[in-house]
Amino acid sequence: MVQIKQELDKENIAYRIQLSDIQARCDREIMFADISGDMLRSSFAQEIKNLASLERKGRYSHVNH
């Protein structure tokens, strides 16, 4: 009985380690996705500013027509 409990404890620890590893990987993926999203938003915002600037200068006025 004691040996069975020890085996179960070992498995439990192994599963907890795996779960911890999976959670860490997910956290890294989420962080990467957040950073990528921020970079995309920043890039789009910059592109919109560039287009607005060009339009004010009279270039690309056909965009709104």
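None of these values were measured; they are calculated from a predicted model.

A. Seen up close, the overall build of the chain. In terms of regular secondary structure, the chain is built from 1 helix and 0 strands. For the chain, the computed accessible surface area is about 6300 Å², with 60% contributed by carbon and sulfur atoms.

B. Molecular detail of helix α1 (residues 2-56). For α1, with 55 residues, the first-to-last C-alpha span of 80 Å sits near the 81 Å given by 1.5 Å per residue. Positive phi shows up at G58, right after α1, with a value of about 95 degrees.

C. Structural context of the pattern of salt bridges. A complete count under the given rule lists 4 salt bridges for this structure. Here K5 makes a salt bridge to D9, at a shortest N to O gap of 3.1 Å. Here D9 and K5 lie together in helix α1, a separation of 4 residues that amounts to about one turn. Under the relative-accessibility criterion, K5 is labelled exposed at 51%. In this structure, the salt-bridge partner of E7 is K10, at a minimum N-O distance of 3.9 Å. Pair noted here: E7 and K10 are both in helix α1, with a separation of 3 residues, about one helical turn.

D. Seen up close, a nonpolar patch on the surface. Taken together, the side chains of M1, I4 and L8 make up a nonpolar region of the molecular surface, amounting to roughly 390 Å² of accessible area. Structurally, M1 is set in the segment before α1. Classification of M1 as exposed rests on a relative accessible area of 83%.

Procedures and definitions
- Residues numbered from 1 in each chain as written.
- Predicted model: local features only at pLDDT ≥ 70, side-chain atom pairs only at ≥ 80, totals over all residues.
- Heavy atoms only, no water.
- Helix = DSSP H or I, 4+ residues; strand = E, 2+ residues; numbered from the N terminus.
- Areas by Shrake-Rupley, 256 points an atom, 1.4 Å probe, with all protein chains shown as cover.
- Expected span 1.5 Å × (residues − 1).
- Salt bridge = Lys/Arg side-chain N within 4 Å of Asp/Glu carboxyl O.
- Buried < 20%, exposed > 50% of the residue type's maximum accessible area, 1.4 Å probe, protein only.
- Patch = residues over 30% accessible without salt bridge, like charges linked within 9 Å, V, L, I, M, F, W, Y side chains within 5 Å.

Read these as layout, nothing more, since geometry by itself doesn't imply function.
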